[in-house]
Amino acid sequence: MFRWYGAAGLFMVLFAQVNFILRIQPFAQWYFPIIWFGYIMLVDAIVYSMSRESLITGKPRIFLLMIGLSAVVWWAFEAIGWFLGNWYYSGTDGFGSRLESLAFATISFSTVIPAVFETALLLKTVHLFDGVKLKERHNISKNLLYGMMFAGALMFAAPLLYPGLFYPLIWASFFLIMDPINYMNRRPSIISHLKDRKLAVPLSIYAGATLTGFLWEFWNFWAIPKWHYTIPFVDFLRVFEMPLLGYLGYGPFGLELFAMYHFFMWLIHEGKAGTKLFK
């Protein structure tokens, strides 16, 4: 069964796409939440029609928590981005007030984690990576866990000290810090798949985030309020606004969001079974 909100989501995506040409206001100014909530609803409905399970239908409370967490997480990345200076925005003059601009940003940021996870869930539902496994089972030692957290702390600190040189490290630092903590607290983690050898979940997240990143850049290219990049060393061969090599960062970013999501759910004492996204 295809859920009703999937049809609404499809309409929102198509309308926003056509409106890149027509530029009917205020919808053109507010394209980002329109097209991305539409995308999330559409993909969720497709996942439900294939598996009879989905975030919106099966876990609405978790979905709403995810929206809130997404806004908080990306505002944190905005603060880091302000310090690093790797991206900036244009076209925000069309908002009537500072309050409207902040509302637009917060609502837009709230779609980041749901969009990545819905895309990853779709890839997992079609069993794209089910046959991919590690050749050997690997034990996970405390030295490995603490080593990952130490490396993550260094990778977080280095861009703050030398932003022009080490800025890419920020996109893996939170994963290295939080994923071991999730594992030690028996929450879902990427590193746990070193033991069970199954790579379907990590690869679905990695590929899902990369695909979502491509769509972010594609739709951003045609928009009125949009972002631009100033990225040292790799600022060439642009695909839309993003330099080609910049797309390599979306996969690690997806793993980072996975770790941050489960770390947050552990902090607020949400039950492990209810917050688990992938089987």
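First things first, this report covers the structure right here in the doc. Position labels on residues start from 1 in each chain and follow its written sequence. Local features are withheld for residues below a pLDDT of 70 in this predicted model, meaning they are given only at 70 or higher, and side-chain atom pairs are given and counted only at 80 or more; totals for whole chains, interfaces and linings count all residues. Here the side-chain values reflect all heavy atoms present in the structure, with hydrogen atoms and water set aside.

### Remarks on the nonpolar core
General note: in soluble globular proteins, nonpolar side chains tend to be found buried as a group.
Then, in step 1: What is meant by a nonpolar core is a set of buried Ala, Val, Leu, Ile, Met, Phe, Trp, Tyr and Cys residues, joined one to another through side-chain atoms within 4.5 Å. Partly exposed describes any residue whose relative accessible area lies between the buried limit of under 20% and the exposed limit of over 50%, with all areas from a 1.4 Å probe on protein chains only and scaled to the type maximum. Core analysis: the biggest nonpolar cluster contains 83 residues, and Trp36, Phe77, Phe117, Trp216, Trp219 and Phe253 have the highest contact counts within it.
Then, in step 2: Ranked by residues supplied to this core, first place goes to helix H2 (residues 31-51) with 12 residues.
Then, in step 3: What makes two residues a contact is simply this: any of their non-hydrogen atoms within 4.5 Å. The contact partners of tryptophan 216, leaving out residues within four places of it in the chain, are Phe32, Trp36, Val112, Val116, Trp227, Tyr250 and Phe253. Strands here are runs of E lasting at least two residues and helices are runs of H or I lasting at least four, both read from the DSSP assignment and numbered beginning at the N terminus.

### Looking at the environment of phenylalanine 233
Then, in step 1: Counting through the fold element by element, phenylalanine 233 comes out in the loop between strand E2 (226-229) and strand E3 (238-239).
Then, in step 2: Since its relative accessible area comes to 62%, phenylalanine 233 is described here as exposed.

### Topic: the packing of aromatic side chains
Geometry of an aromatic ring pair is reported as the spacing of the ring centres plus the angle between the planes.
Then, in step 1: By convention, a stacked pair of Phe, Tyr or Trp rings (six-membered ring in the case of Trp) has centres within 6.5 Å and planes under 30 degrees apart, an edge-to-face pair has planes over 60 apart, and any other such pair is tilted. Taken as a whole and judged by the stated rule, the model has 38 aromatic pairs.
Then, in step 2: Measuring from ring centre to ring centre gives 5.4 Å for phenylalanine 15 and phenylalanine 27, while their planes differ by 85°; the resulting arrangement is edge-to-face. Highlighted residues: phenylalanine 15 in helix H1 (residues 4-22) and phenylalanine 27 in the loop between H1 and H2, separated in sequence by 12 residues.
Then, in step 3: When its relative accessible area of 27% is taken as the criterion, phenylalanine 15 is described as partly exposed.
Then, in step 4: A relative accessible area of 39% places phenylalanine 27 in the partly exposed class.
Then, in step 5: Ring plane angle 45° and centroid distance 5.7 Å describe the contact between tryptophan 216 and tyrosine 250, whose orientation is recorded as tilted. Separated by 34 residues along the polypeptide, tryptophan 216 in helix H11 (residues 200-221) and tyrosine 250 in helix H12 (residues 250-267) bring together distant segments of the chain. By the burial criterion, tryptophan 216 is buried, and tyrosine 250 matches it.

### Quick look at unusual backbone geometry
Among all residues except glycine, the phi angle is most often negative; among peptide bonds, the trans geometry is most common.
Then, in step 1: A cis amide bond links glutamine 25 with the next residue in sequence, proline 26, at an omega value of 5°.
Then, in step 2: Examined against the element boundaries, proline 26 turns out to sit in the loop between H1 and H2.
Then, in step 3: If you check the backbone angles, arginine 23 has positive phi at about 55° while not being a glycine.
Then, in step 4: With respect to the helices and strands, arginine 23 occurs in the loop between H1 and H2.
Then, in step 5: The residue phenylalanine 240 is not glycine, and still its phi comes out positive at about 65°.
Then, in step 6: Within the fold, phenylalanine 240 resides in the loop between E3 and strand E4 (242-243).

### Observations regarding a nonpolar patch on the surface
Then, in step 1: A surface patch of nonpolar side chains, about 500 Å² in accessible area, is lined by Val18, Ile21, Leu22, Ile24 and Phe27.
Then, in step 2: Note on placement: leucine 22 falls in helix H1.
Then, in step 3: Its relative accessible area of 54% is what places leucine 22 among the exposed residues. A residue counts toward a patch only above 30% relative accessible area and without a salt bridge, and it is joined to like-charged neighbours within 9 Å or, for Val, Leu, Ile, Met, Phe, Trp and Tyr, to nonpolar neighbours within 5 Å. Using a 1.4 Å probe, accessible areas were evaluated by the Shrake-Rupley method; residue-level cover was limited to the displayed protein chains. One speaks of a salt bridge when a side-chain nitrogen belonging to Lys or Arg is within 4 Å of a carboxyl oxygen belonging to Asp or Glu.

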